Amino acid sequence: RFITEAEKLTCKIHQVADEKEAVEEILALIEGEEKVLGWSFDRIGLPSLESALNEASIHLDELPNPEARYGITGADAALAATGSIVLSSGAGKPRVASLLPPVHIAVLRSEQIIRDLESWIVLQENFTEPGNIFVISGPSKTADIAMELVMGMHGPQELHIILI
């Protein structure tokens, strides 16, 4: 259900079997780049991503860089009912990685998919740790001018979800 709902939101889902394929998929998406924005490697949750980026001479930066075309994050959860991903900001998880670049790549594991937002809230023990909690439902979009849908106005134009 998550995949169906996310695709309705124009998310691009990349289903992979394991971490190795996830890293390969990310490298294929960002091919030719020298810098990307992202969460710290331990927060993305792909241990081999750091060495793969180093081998490809791609630098991952946690600081805002308006020239970066790609942002790479992990995810705290995914909501099957809406096809949304839940992210929180905090140490090693800058919010800018999912907001500033035109393309956001989120790494998600199938066991992180839960039924809906209410179910996720019930599972939370402490809401005081993250700086922000945000729910992302597809690429950025707005229709506030003449009711015409514009993609990427206030954030990424594309959302790629690497689903392990």
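Not measured: the values here are computed from a predicted model. (Residues numbered from 1 in each chain as written. Predicted model: local features only at pLDDT ≥ 70, side-chain atom pairs only at ≥ 80, totals over all residues. Heavy atoms only, no water.)

### Side note on the nonpolar core
Core analysis: the largest hydrophobic core is formed by 42 residues, its most contacted members being Phe-2, Ile-26, Ile-30, Leu-49, Ile-85 and Ile-105. Top element by residues in this core is strand β7 (residues 103-108). It accounts for 5 residues. Apart from residues no more than four positions distant in its own chain, Leu-49 is found in contact with Val-23, Ile-26, Phe-41, Ile-44 and Ile-72. Within the second largest apolar cluster, 5 residues are counted, among which are Ala-77, Leu-79, Val-86 and Trp-120. (Core = buried A, V, L, I, M, F, W, Y, C linked by side-chain atoms within 4.5 Å. Buried < 20%, exposed > 50% of the residue type's maximum accessible area, 1.4 Å probe, protein only. Helix = DSSP H or I, 4+ residues; strand = E, 2+ residues; numbered from the N terminus. Contact = heavy atoms within 4.5 Å.)

### Quick notes on the sheet that holds strand β3 (residues 59-61)
Hydrogen bonds along the backbone pair up the strands of a sheet, which may run parallel or antiparallel. Pairing in this open sheet of 6 strands is parallel, and the strands run β1-β12-β7-β4-β2-β3 from one edge to the other. Here the strands that pair on one side only, and so sit at the sheet edges, are β1 (12-15) and β3. When the angles between neighbouring strand axes are averaged without regard to direction, this sheet yields 25 degrees. As defined by bridge partners, strand β2 (residues 35-38) adjoins strand β4 (residues 70-73) across 2 bridges and the pair is classed as parallel. Paired with Leu-37 across the bridge in β4 is Gly-71. (Pairing = 2+ DSSP bridges. Axes fitted to C-alpha atoms, helices over the stretch in contact; angles between N-to-C directions.)

### Quick look at the sheet that holds strand β5 (residues 77-79)
Read across the open sheet, the 4 strands follow the order β8-β5-β6-β9; overall the sheet is mixed. At either margin of the open sheet sits one strand with a lone partner, and together these are β8 (113-114) and β9 (133-136). Relative to β9, strand β6 (residues 84-88) runs antiparallel, the two sharing 4 bridges. Note on β9: the bridge partner recorded for Val-86 is Val-135.

### Concerning a nonpolar patch on the surface
Residues Leu-117, Ile-121 and Val-135 make up a contiguous nonpolar surface patch of about 220 Å² in total accessible area. Along the chain, the position of Ile-121 falls in helix α6 (residues 117-123). (Patch = residues over 30% accessible without salt bridge, like charges linked within 9 Å, V, L, I, M, F, W, Y side chains within 5 Å. Areas by Shrake-Rupley, 256 points an atom, 1.4 Å probe, with all protein chains shown as cover. Salt bridge = Lys/Arg side-chain N within 4 Å of Asp/Glu carboxyl O.)

### Considerations on the packing of aromatic side chains
Scanning the entire structure with this criterion turns up 0 aromatic pairs. When the ring centre of Phe-134 is taken as reference, the NZ or CZ atom of Arg-95 above it lies at 4.8 Å. (Phe/Tyr/Trp six-rings, centres within 6.5 Å; stacked < 30°, edge-to-face > 60°. Lys NZ or Arg CZ within 6 Å of the ring centre and 35° of its normal.)

### As for the pattern of salt bridges
Enumeration over the complete set of coordinates arrives at 6 salt bridges. For the salt bridge of Glu-33 with Arg-69, the shortest nitrogen-to-oxygen distance reads 3.4 Å. Of the two residues, Glu-33 sits in the loop between α2 (19-29) and β2 while Arg-69 sits in the loop between β3 and β4, which places them 36 residues apart along the sequence. The class for Glu-33 is buried, based on a relative accessible area of 15%. Residue classification places Arg-69 among the partly exposed positions, given a relative accessible area of 42%. The salt bridge involving Asp-116 is made with Arg-115; its shortest N-O contact spans 3.4 Å. Asp-116 gets classed as buried once you look at its relative accessible area, which sits at 18%. The exposure class of Arg-115 is exposed, given its relative accessible area of 57%.

### Some points on the side chain of Ser-40
Within the element layout of this structure, Ser-40 appears in the loop between β2 and α3 (41-44). On the accessibility criterion, Ser-40 (13% relative accessible area) is buried. When neighbours within four sequence positions are excluded, Ser-40 is seen to be in contact with Glu-62 and Gly-92.

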